[in-house]
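# Chain and residue survey
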Amino acid sequence: MRIEVDQKKCTGCGLCREVCPKGAKIWDVNKKAKAKNLEFCHVCTICASKCPERAIRVVRE
Ligand code: SF4
Ligand code: SF4
């Protein structure tokens, strides 16, 4: 799986990191959000549903 963040839409608000159960491990938010260490991701899609800009796409493969 992968997590895509639309860099044009992301405002860097950090909500994805706050709401993610493994936010500290997965989300790197420095002006823009980036998902890393996806081995910790449960694919719960909370990040995508809570992003106010609808910038996150969780892609299951
Ligand atoms: S919640 Fe959305 S807008 Fe906010 S930092 Fe995360 S990806 Fe960017
Ligand atoms: S899908 Fe769930 S576990 Fe994975 S990054 Fe988003 S909120 Fe975190």
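Preceding this section is the structure that the text describes.
Residues numbered from 1 in each chain as written. Chains lettered and ligands numbered in written order. Predicted model: local features only at pLDDT ≥ 70, side-chain atom pairs only at ≥ 80, totals over all residues. Heavy atoms only, no water.

## Looking at the site of ligand 1
In the region of ligand 1, the neighbouring residues are Cys10, Thr11, Gly12, Cys13, Gly14, Leu15, Cys16, Ala33, Cys51, Pro52, Glu53 and Ile56. Per-class residue counts for the shell around ligand 1 are 8 nonpolar, 3 polar and 1 charged. (Near = heavy atom within 4 Å. Nonpolar A, V, L, I, M, F, W, Y, C, P; charged D, E, K, R; others polar.)

## So, the site of ligand 2
The immediate surroundings of ligand 2 are formed by Ile3, Cys20, Pro21, Ile26, Trp27, Cys41, His42, Val43, Cys44, Thr45, Ile46 and Cys47. Tallied by class, the residues present in the shell around ligand 2 amount to 10 nonpolar, 2 polar and no charged.

## Observations regarding unusual backbone geometry
One non-glycine residue, Lys31, lies in positive phi territory at about 75°. Within the secondary structure layout, Lys31 lies in the loop between strand 2 (27–30) and strand 3 (32–35). Of note in this structure, Thr45 is not a glycine but carries a positive phi near 65°. Its location among the elements puts Thr45 in the loop between strand 3 and helix 3 (46–50). (Helix = DSSP H or I, 4+ residues; strand = E, 2+ residues; numbered from the N terminus.)

## Let's talk about the packing of aromatic side chains
Across all of its chains, the model carries 0 aromatic pairs by this definition. Positioned above the aromatic ring of Phe40 is the side chain of Lys25, whose terminal nitrogen or guanidinium carbon lies 5.1 Å from the ring centre. (Phe/Tyr/Trp six-rings, centres within 6.5 Å; stacked < 30°, edge-to-face > 60°. Lys NZ or Arg CZ within 6 Å of the ring centre and 35° of its normal.)

## Regarding the pattern of salt bridges
Following the criterion strictly, the structure yields 3 salt bridges and no others. With a closest N to O distance of 2.9 Å, Glu4 and Arg2 form a salt bridge. Taking relative accessible area as the criterion, Arg2 reaches 33% and is therefore assigned partly exposed. Between Arg57 and Glu4 there is a salt bridge, and its shortest N-O distance comes to 2.7 Å. Placement of Arg57 in strand 4 (residues 56–59) and of Glu4 in strand 1 (residues 2–5) is noted, with a sequence separation of 53 residues between them. Looking at Glu4, the relative accessible area reads 26%, which means it is partly exposed. (Salt bridge = Lys/Arg side-chain N within 4 Å of Asp/Glu carboxyl O. Buried < 20%, exposed > 50% of the residue type's maximum accessible area, 1.4 Å probe, protein only.)

Nothing here speaks to function; it is all geometry.
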